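Here's the letter readout for the chains.
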Protein chains: 2
Amino acid sequence: MTRNATLTQAPRRSLVDSAIEQIRTQIESGAWRVGERIPKEQELADLLGVSRNTTREAIRVLSHAEVLEVRQGDGTYVRLNVDPTEVMRRVSRSSLHDHFELRAMLEAEAARRAATQRSDADVIKLRKLLKVRGNQEDHSRLEKFVDADIAFHSALASVSGNTALIELYRYFSQAIRSGVWSVLDEVDLPEPALEAHEAIVDAIERKDAEGAALAVREVVGPLIKALADRS
Amino acid sequence: MTRNATLTQAPRRSLVDSAIEQIRTQIESGAWRVGERIPKEQELADLLGVSRNTTREAIRVLSHAEVLEVRQGDGTYVRLNVDPTEVMRRVSRSSLHDHFELRAMLEAEAARRAATQRSDADVIKLRKLLKVRGNQEDHSRLEKFVDADIAFHSALASVSGNTALIELYRYFSQAIRSGVWSVLDEVDLPEPALEAHEAIVDAIERKDAEGAALAVREVVGPLIKALADRS
């Protein structure tokens, strides 16, 4: 990169981050409410004590997150009083225990719904994915096993048919991936067995909603307990 | 705004959005994997068919969302293969039915945990917030009622003690706000009664986890059923 390119670079992240944080605080505190127009760029820059460029970048980032909405020729409006990026950041900073527990909650509810919604084809698909998953020793590479495990659990969420749940579960199963790795690396943590997974599909097959939710808890329960004991 | 200010404005959102979308597709498809370095700015701009400025802005937005990580003097790396902003956008585009159902799932699990975790002070706090909530007719303004309702449900999530769940629930209770408004505006949809809410706190007080989860389902159930029937 040339010296010149460096000179035209964006303001340091910390300044933009600080501007974003200040705007977010105004919104979260209720000083600027949903539907209201926020101060114009120059006024906002003065308020935040940063340059117009930094202000503009902060607005762009918050627009992308749909917290703000820029209406050309009119002004910038508050669209949502919670920043989804910040929520996800806080969620991912929570403990591994809380993270797994949340995933278990989502999955138990997905299984409960799947049991009432499932078609015969869904059951066949879940059994097939479970066969691919197998146990860890069936795979030459840990990565392959983790992929197969995520594929099964994601398909389970899909059978629930709830779009909001499917999207959220997809996020957590990917975001938690590094978590899974570190857990599998530690020998003192239990690895959920294939049989316990089969019990989930069995319950879904016989359309037993409570049984399916319970079977999910029995798969993840020992892991969550081990994480709780460790902390 | 002066003509000059307009000239120095950012590229049109659609171009940046398209660049973001293309980078995201590369990452979601697995072409660029977590931990890998992505092409340099000029090369990336050529690949995407956009200017360096547009490329730079796309990278900034995705860095803020923690999908990418810019390491000064080294390069830009893939940090996460799911974009939290995009997940939240898809979740909020799901139907009102799916949205309420997801919130009910999170809340049922929060209540289940709250029943085993609660202190005596928690129960007192929940009863106090429920008294403030009352019924809709106790409030001169609908907005006040919605605020009081959200305050109760958020406190319930807090008693669960799971940070990840608390953050996520906070997001949904705010994001769903406009949903609540439209629901309350429609006379044919049932409004959850105060007594049904009291049953949740009663179950939490007697440390009945299953009962608490069930009581939550009975609060939101009729609303979810009405939304399902409507679609």
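Residues numbered from 1 in each chain as written. Chains lettered and ligands numbered in written order. Predicted model: local features only at pLDDT ≥ 70, side-chain atom pairs only at ≥ 80, totals over all residues. Heavy atoms only, no water.

## Regarding the overall build of chain A
Okay, step 1: Looking only at helices and strands, chain A has 12 helices and 2 strands in total.
Okay, step 2: Going residue by residue from the N terminus, the α and β elements of chain A occur as α-α-α-α-β-β-α-α-α-α-α-α-α-α.
Okay, step 3: Expressed as a percentage of its 231 residues, the buried residues of chain A come to 51%.
Okay, step 4: Intrachain contacts of chain A at a sequence separation of at least 6 include 68% that bridge at least 24 residues. (Helix = DSSP H or I, 4+ residues; strand = E, 2+ residues; numbered from the N terminus. Buried < 20%, exposed > 50% of the residue type's maximum accessible area, 1.4 Å probe, protein only. Contact = heavy atoms within 4.5 Å.)

## A short note on unusual backbone geometry
Residue and element names in this part refer to chain A.
Okay, step 1: Backbone geometry places Glu66, a non-glycine residue, at a positive phi of 65°.
Okay, step 2: By the secondary structure assignment, Glu66 is in the loop between helix H4 (52-64) and strand E1 (68-71).
Okay, step 3: For Lys207, which is not a glycine, the phi torsion comes out positive at approximately 55°.

## Brief notes about the interface of chain B and chain A
Okay, step 1: In this assembly, 54 residues from chain B lie in contact with 55 residues from chain A.
Okay, step 2: Taken over both partners, the interface formed by chain B and chain A buries close to 5000 Å², and the fraction arising from carbon and sulfur atoms is 56%.
Okay, step 3: Considering only the surface of chain B that becomes buried against chain A, Arg60, His64 and Met105 of chain B emerge as the three largest contributors, covering 14% of it.
Okay, step 4: In this structure, Arg90 of chain B and Glu167 of chain A form a salt bridge, with 3.5 Å as the shortest nitrogen-oxygen distance.
Okay, step 5: Connecting chain B to chain A are 12 residue pairs in polar contact (both at pLDDT 80 or more).
Okay, step 6: Sorting the residues of the side of chain B that touches chain A by element identifies helix H2 (13-28), helix H4 (52-64), helix H5 (84-93), helix H6 (96-117), helix H9 (163-175) and helix H12 (209-230) of chain B as the ones contributing at least two each.
Okay, step 7: Looking at side-chain class alone, the side of chain B that touches chain A contains 19 nonpolar, 12 polar and 23 charged residues. (Buried area = accessible area lost by both parts, 1.4 Å probe. Salt bridge = Lys/Arg side-chain N within 4 Å of Asp/Glu carboxyl O. Polar contact = N/O pair within 3.5 Å; in protein donor to acceptor, adjacent residues only side chain to side chain. Nonpolar A, V, L, I, M, F, W, Y, C, P; charged D, E, K, R; others polar.)

## Some thoughts on the packing of aromatic side chains
Okay, step 1: Summed over all chains, the structure comprises 0 aromatic pairs over all chains.
Okay, step 2: The ring of Tyr77 of chain A is capped by Arg71 of chain A, whose NZ or CZ atom sits 3.7 Å from the centre of that ring. (Phe/Tyr/Trp six-rings, centres within 6.5 Å; stacked < 30°, edge-to-face > 60°. Lys NZ or Arg CZ within 6 Å of the ring centre and 35° of its normal.)

## Examining the nonpolar core
Okay, step 1: In terms of nonpolar packing, the biggest core is built from 32 residues, with Leu102, Leu106, Leu168 and Phe172 of chain A together with Leu102 and Leu168 of chain B touching the most fellow members.
Okay, step 2: Counting only elements with at least two residues in this core, the list comes to helix H5 (84-93), helix H6 (96-117) and helix H9 (163-175) of chain A together with H5, H6 and H9 of chain B.
Okay, step 3: When near neighbours in sequence (up to four residues on either side) are disregarded, Leu168 of chain A contacts Met88 and Leu106 of chain A together with Val87, Val91, Leu102, Leu168 and Phe172 of chain B. (Core = buried A, V, L, I, M, F, W, Y, C linked by side-chain atoms within 4.5 Å.)

## Quick word on the pattern of salt bridges
Residue and element names in this part refer to chain B.
Okay, step 1: Counted according to the given criterion, the structure contains 45 salt bridges over all chains.
Okay, step 2: The closest approach of N and O atoms between Glu205 and Arg127, which form a salt bridge, is 2.7 Å. Of the two residues, Glu205 is situated in helix H11 (residues 194-205) and Arg127 in helix H7 (residues 120-133); the sequence distance between them amounts to 78 residues.
Okay, step 3: On the basis of relative accessible area, Glu205 is assigned to the partly exposed category, the value being 38%.
Okay, step 4: Given a relative accessible area of 30%, Arg127 falls into the partly exposed group.

## Structural notes on the relation of the copies chain B and chain A
Okay, step 1: For the match of chain B to chain A, the screw axis carries a shift of 0.0 Å, the RMSD comes to 0.1 Å, and the turn is 180°. Expressed as a symmetry operation, the mapping of one chain copy onto the other fits a two-fold axis.
Okay, step 2: Both copies present the same face, since 100% of the interface residues in chain B are matched by interface residues at the equivalent positions in chain A. (Least-squares fit on C-alpha atoms with pLDDT ≥ 70 in both.)

## Focus on H4 of chain B
Residue and element names in this part refer to chain B.
Okay, step 1: For H4, spanning 13 residues, the distance from its first C-alpha to its last is 18 Å, which sits close to the expected 18 Å at 1.5 Å a residue.
Okay, step 2: Within H4, 11 of the 13 residues are buried, which leaves the element mostly enclosed by the surrounding structure.
Okay, step 3: Those residues of H4 that sit buried are Thr54, Thr55, Arg56, Glu57, Ala58, Ile59, Arg60, Val61, Leu62, Ser63 and His64.
Okay, step 4: Glu66 occupies a position one or two residues after H4 and carries a positive phi of about 65°. (Expected span 1.5 Å × (residues − 1).)

## Quick word on the packing of H11 of chain B against H12 of chain B
Residue and element names in this part refer to chain B.
Okay, step 1: Remark: H11 packs on H12, axes separated minimally by 8 Å, with the N-to-C direction vectors making an angle of 170°. One way to sum up the angle between H11 and H12 is to call them roughly antiparallel. Facing Ala196, His197, Ala199, Ile200, Ala203 and Ile204 of H11, the residues of H12 in contact are Gly211, Ala212, Ala215, Val216 and Val219.
Okay, step 2: Of the residues belonging to the contact of H11 with H12, the class tally is 9 nonpolar, 2 polar and no charged. (Axes fitted to C-alpha atoms, helices over the stretch in contact; angles between N-to-C directions. Parallel < 35°, antiparallel > 145°, perpendicular 65-115°, else oblique.)

## Topic: the pairing of strand E1 (residues 68-71) of chain B
Residues and elements named next belong to chain B.
Okay, step 1: Relative to strand E2 (residues 75-78), E1 is paired through 4 bridges, and the arrangement is antiparallel. Of the residues in E2, the one forming a bridge with Arg71 is Gly75.
Okay, step 2: Linkage of E1 to E2, two consecutive antiparallel strands, is achieved through a turn of 3 residues, within which Gly73 is found at a positive phi near 75°. (Pairing = 2+ DSSP bridges.)

## A short note on the packing of helix H3 (residues 41-48) of chain A against H4 of chain A
For any two helices packed against each other, one specifies the crossing angle of their axes together with the interaxial distance.
Residue and element names in this part refer to chain A.
Okay, step 1: Direction vectors running N to C along H3 and H4 enclose 100°, while the axes themselves pass 9 Å from each other. With respect to H4, the element H3 is oriented roughly perpendicular. In contact with Glu41, Gln42, Leu44, Ala45 and Leu48 of H3, H4 contributes Arg52, Thr55, Arg56 and Ile59.
Okay, step 2: Looking at the contact of H3 with H4 residue by residue, the classes come out as 4 nonpolar, 2 polar and 3 charged.

## Digging into the confidence of the model for chain A
All names here are of chain A.
Okay, step 1: Overall, the predicted model of chain A reaches an average pLDDT of 85, with 87% of residues at or above 70.
Okay, step 2: Here helix H1 (residues 3-7) stands out as the least confident element of chain A, with mean pLDDT 40; helix H7 (residues 120-133) is the most confident, with 96.
Okay, step 3: Predicted confidence for residues 1-8 stays below pLDDT 50, and this span has 3 contacts to residues more than four positions away or in other chains. (pLDDT = per-residue confidence, 0-100.)

## Some thoughts on the side chain of Thr76 of chain B
Okay, step 1: Note that Thr76 of chain B resides in strand E2.
Okay, step 2: Apart from residues lying up to four places away in sequence, Thr76 of chain B is in contact with Glu36, Arg37, Ile38, Ile59, Leu68, Glu69 and Val70 of chain B.

## Some thoughts on the environment of Arg127 of chain B
All names here are of chain B.
Okay, step 1: Taking the C-alpha atoms as reference, Arg127 lies 7.2 Å from Val201; in sequence the two are 74 residues apart.
Okay, step 2: Excluding residues that lie within four positions of it along the chain, Arg127 makes contacts with Glu198, Val201, Asp202 and Glu205.
Okay, step 3: Only 2.7 Å separates the side chain of Arg127 from the side chain of Glu205, close enough to count as a polar contact.

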